[in-house]
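# Geometric and topological summary
Read off the chains here:
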Amino acid sequence: MRASLLLLADSRLPAGGHAHSGGVEPAVSAGVIGDVPALADFLRGRLATSGLVAAALAAAACAHALEGGDAWALLDAEADARTPSPAQRKAARAQGRSLLRVARTTWPARALEALAVVSPDGPHHPLVLGAATASLGGTPHEAAAVTAYNAVTGGASAGVRLLGLDPLEVNRALAALAEDVDAVAAKAAACTDGPWTALPAASAPLLDIYAELHLRADLRLFES
Amino acid sequence: MGEHHEHDPHDAAPAHGRPLRLGIGGPVGSGKTALTAALCRALRGELEVAVVTNDIYTTEDADFLRREAVLPDDRITAVRTGACPHTAIRDDISANLDAVEALQARHPGLDLVIVESGGDNLTALFSRGLADRQIFVLDVAGGDDVPRKGGLGVAAADLLVINKTDLAPLVGSDLAVMGRDAAKVRDGKPVAFTSLREQPGAPEVAGWVRDALRTW
């Protein structure tokens with residue numbers, strides 16, 4: 001495991017992740033998450049759906065960057081097609097924009113420059129994770145691993161902050177998810193053999209609905 | 001620069017090619033939003049101003065500024081901080097940078113962007129990557145021992161504002177003690193005493209901001 005990959009996966013990376021709950025805040029507001037087991041269930045569902053989709057997109061982006069490809073607008077459109085909620089798209093592009101700022105400063109590369117002009121709102125977050133992984137010398141499998149890991153850690157931290165959950169208990173729940181994270185990363189990495197149209201498109205309608213409701217909420221601490 | 005430049009009647013071009021970014025931080029309820037509103041009112045006639053607010057819970061601060069109509073709506077942006085106001089101004093400034101840059105793109109002639117932090121504790125400090133200058137706002141009702149306790153905000157801010165001086169006799173706070181204690185930890189940096197209720201324009205702070213812009 002190379003250290004720069006750990007840096008990319010670190011929650012202290014200044015890429016705006018701390019202001020996104022991955023749907024945990026609206027789920028807490030809806031009364032769906034109230035304790036650590038419920039949070040763990042939510043994160044397992046998130047990992048299997050939007051987590052898998054994001055990890056596969058990141059792996060594809062990493063492979064594309066390593067090949068020197070320039071079809072970034074097409075891959076970005078593939079991400080859009082797998083993100084039906086406008087609120088989720090907005091959140092994914094906001095996080096992509098912030099990560100791109102860090103990645104261009106830290107691991108400059110042609111692919112990152114190309115991603116910067118893909119959309120005025122910024123590229124989808126997993127694409128930047130994939131291109132950044134390639135730039136720091138990582139593989140598509142590693143890009144998928146960082147992305148799958150990301151899919152559960154941000155929401156876990158939001159649960160600690162919103163509900164005052166015991167951080168030790170939450171960390172134990174994350175550790176229990178580790179094998180699932182590895183499995184999702186492996187499954188996502190295997191998708192780089194096929195065409196982009198065949199990338200996973202697992203949907204999580206409740207996450208989409210929560211994301212839309214969240215934008216209409218009077219009280220919210222997190223952007224998404 | 002030659003000597004005949006001294007009486008050039010034209011404003012100098014901004015040396016940094018972008019507006020000055022002014023951070024305003026301080027504990028909850030000390031008057032950050034009121035000071036932001038006062039600065040907007042005082043400066044909007046002579047400068048192009050925009051504001052980013054970082055609210056803890058809601059967009060209440062941005063809504064307050066809009067309701068008071070201190071600036072047109074499209075010059076005020078609210079950022080959410082994920083329950084960590086200090087993170088958003090210090091450790092991970094990306095959402096605030098994003099908001100500042102979006103305002104700059106929308107209003108190319110901006111002179112000043114005020115970033116008002118969410119209410120925080122005494123250790124809050126703006127990153128240099130986000131704010132070129134910073135003001136820390138305390139109020140006398142928080143206790144006159146607060147400057148003595150120090151903290152990064154009190155010690156390091158370019159300007160320390162001690163607000164609500166009109167309440168000092170009512171809450172038993174000694175302004176002289178606050179001024180003396182602040183001076184000890186601030187290494188000569190200025191302290192301004194304000195009462196936005198008595199002087200809604202905050203003339204001393206507005207003057208400090210004008211000076212900051214002249215040397216920007």
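This structure is a prediction, so every number in the text was calculated from the model and none was measured. (Residues numbered from 1 in each chain as written. Chains lettered and ligands numbered in written order. Predicted model: local features only at pLDDT ≥ 70, side-chain atom pairs only at ≥ 80, totals over all residues. Heavy atoms only, no water.)

## Details of the overall build of chain A
The secondary structure content of chain A amounts to ten helices and zero strands. Starting at the N terminus, the α and β elements of chain A follow one another as α-α-α-α-α-α-α-α-α-α. Here chain A has a C-alpha radius of gyration of 16 Å; the compact-globule value for 224 residues is 17 Å, and the two agree. C-alpha extents for chain A along the principal axes are approximately 45 × 35 × 35 Å. Buried positions account for 54% of the 224 residues belonging to chain A. Within chain A, counting contacts between residues at least 6 apart in sequence, those at least 24 apart form 80% of the total. Here chain A has roughly 9700 Å² of accessible surface; of this, 58% comes from carbon and sulfur atoms. (Helix = DSSP H or I, 4+ residues; strand = E, 2+ residues; numbered from the N terminus. Rg over C-alpha atoms; globule rule 2.2 N^0.38 Å. Buried < 20%, exposed > 50% of the residue type's maximum accessible area, 1.4 Å probe, protein only. Contact = heavy atoms within 4.5 Å. Areas by Shrake-Rupley, 256 points an atom, 1.4 Å probe, with all protein chains shown as cover.)

## Some points on the overall build of chain B
Helix and strand counts for chain B come out as nine helices and seven strands. Its C-alpha atoms give chain B a radius of gyration of 17 Å, within 12% of the compact-globule value 17 Å for 216 residues. Seen along its three principal axes, the alpha-carbon backbone of chain B occupies a region of about 50 × 45 × 30 Å. Considering only intrachain contacts with a sequence separation of at least 6, the fraction spanning at least 24 residues in chain B is 80%. For chain B, the exposed area adds up to about 9800 Å²; of that, 51% sits on carbon and sulfur atoms. Once the 23 positive and 32 negative side-chain charges of chain B are each reduced to a mean point, those two points are 3 Å apart. (Lys, Arg positive; Asp, Glu negative; His and termini not counted. Charge placed at Lys NZ, Arg CZ, Asp CG, Glu CD.)

## A short note on the UniProt feature "binding site: GTP" (unreviewed entry) in chain B
Residue and element names in this part refer to chain B. Taking the numbering used here, the UniProt-annotated feature "binding site: GTP" (unreviewed entry) corresponds to Gly26, Pro27, Val28, Gly29, Ser30, Gly31, Lys32 and Thr33. Looking at where Gly26 falls in the secondary structure, it is placed in the loop between strand S1 (20-25) and helix H1 (32-43). Gly26 sits in the buried class, given a relative accessible area of 1%. Those residues in contact with Gly26, other than ones at most four positions away along the chain, are Lys32, Ser117, Gly118, Gly119, Asp120, Phe136 and Val137. Inspection of the secondary structure puts Ser30 in the loop between S1 and H1. Sequence-distant contacts of Ser30, defined by excluding residues within four places in its chain, comprise Val137, Leu138, Asp139, Asn163 and Lys164. At 3.0 Å, the side chain of Ser30 forms a polar contact with the backbone oxygen of Val137. (UniProt positions renumbered as here; feature names shortened; annotations may be inferred. Polar contact = N/O pair within 3.5 Å; in protein donor to acceptor, adjacent residues only side chain to side chain.)

## Some thoughts on the interface of chain A and chain B
When the parts come together, some accessible area is lost, and that loss is often what is quoted as the size of the interface. Taken residue by residue, the interface counts 17 residues in chain A and 17 residues in chain B. Here chain A is connected to chain B by four salt bridges. Put simply, Asp98 of chain B and Arg97 of chain A hold a salt bridge, and the shortest N to O gap is 2.4 Å. The leading source of residues in the side of chain A that touches chain B is helix H5 (residues 86-106) of chain A, at three residues. A class-by-class count of the residues in the side of chain A that touches chain B yields seven nonpolar, four polar and six charged. (Salt bridge = Lys/Arg side-chain N within 4 Å of Asp/Glu carboxyl O. Nonpolar A, V, L, I, M, F, W, Y, C, P; charged D, E, K, R; others polar.)

## Re the pairing of strand S5 (residues 133-139) of chain B
Residue and element names in this part refer to chain B. The buried fraction of S5 is high, at six of seven residues. When S1 meets S5, the two strands line up parallel, connected through four bridges. From the neighbouring strand, Gly23 faces S5, where its bridge partner is Gln134. With five bridges joining them, S5 and strand S6 (residues 159-163) adopt parallel strand pairing. (Pairing = 2+ DSSP bridges.)

## Looking at the pattern of salt bridges
A pair can form between side chains of opposite charge whenever their charged atoms are brought close. Enumeration according to the criterion identifies 25 salt bridges over all chains in this entry. The closest approach of N and O atoms between Glu46 of chain B and Arg210 of chain B, which form a salt bridge, is 2.7 Å. Taken together, the residues span a long stretch of sequence, with Glu46 of chain B in the loop between H1 and strand S2 (49-55) and Arg210 of chain B in helix H9 (residues 203-214) at a distance of 164 residues. The shortest N-O distance in the salt bridge between Asp181 of chain B and Arg148 of chain B comes to 2.9 Å. In this pair, Asp181 of chain B is assigned in helix H8 (residues 175-186) and Arg148 of chain B in helix H5 (residues 146-149), connecting sequence segments 33 residues apart. When its relative accessible area of 4% is taken as the criterion, Asp181 of chain B is described as buried. Look at the salt bridges and you will find they share partners, linking Asp76, Asp80, Arg89 and Arg93 of chain A into a network.

## Things to note about the side chain of Ser173 of chain B
Residues and elements named next belong to chain B. Mapped onto the secondary structure, Ser173 falls in the loop between helix H7 (168-171) and H8. Taking relative accessible area as the criterion, Ser173 reaches 11% and is therefore assigned buried. At 2.7 Å, the side chain of Ser173 forms a polar contact with the backbone oxygen of Val140. When near neighbours in sequence (up to four residues on either side) are disregarded, Ser173 contacts Val140, Gly143, Asp144 and Ala168.

## Some thoughts on the confidence of the model for chain B
Residue and element names in this part refer to chain B. Of all residues in chain B, 91% have pLDDT values of 70 or greater, and the mean over the chain is 90. Taken together, the stretch residues 1-5 has pLDDT below 50 and engages in zero contacts with residues farther than four places along the chain or on a different chain. Among the prediction metrics, the complex's ipTM stands at 0.89, with pTM recorded as 0.90. (pLDDT = per-residue confidence, 0-100.)

## Here we look at the packing of H5 of chain A against helix H10 (residues 205-216) of chain A
Residues and elements named next belong to chain A. Contact pair H5 / H10: the axes reach a minimum separation of 7 Å and the direction vectors enclose 80°. By the angle class used here, H5 and H10 are roughly perpendicular. Seen from H5, the contacting residues are Pro86, Ala87 and Gln88; seen from H10, they are Leu207, Asp208, Ala211, Glu212 and Leu215. Grouping the amino acids of the contact of H5 with H10 by side-chain chemistry returns five nonpolar, one polar and two charged. (Axes fitted to C-alpha atoms, helices over the stretch in contact; angles between N-to-C directions. Parallel < 35°, antiparallel > 145°, perpendicular 65-115°, else oblique.)

## Remarks on the pairing of S2 of chain B
All names here are of chain B. Within S2, seven of the seven residues are buried, leaving the element largely enclosed by the surrounding structure. By the alternation rule, side chains of S2 split into Val49, Val51, Thr53 and Asp55 and Ala50, Val52 and Asn54, which are all buried. Pairing of S2 with strand S3 (residues 76-80) involves five bridges; the strand directions are parallel. For Val52, the partnering residue across the bridge sits in S3 and is Thr77.

## Some words on helix H4 (residues 94-106) of chain B
Owing to its 3.6 residues per turn, the α-helix aligns residues three or four sequence positions apart on the same side. Taking 1.5 Å of rise per residue, the 13 residues of H4 of chain B would be expected to cover 18 Å, and the 18 Å separating its terminal C-alpha atoms lies within 8% of that figure. Elements in contact with the buried residues of H4 of chain B: H5 of chain A together with S1, S2, S3, helix H3 (85-91) and strand S4 (112-116) of chain B. (Expected span 1.5 Å × (residues − 1).)

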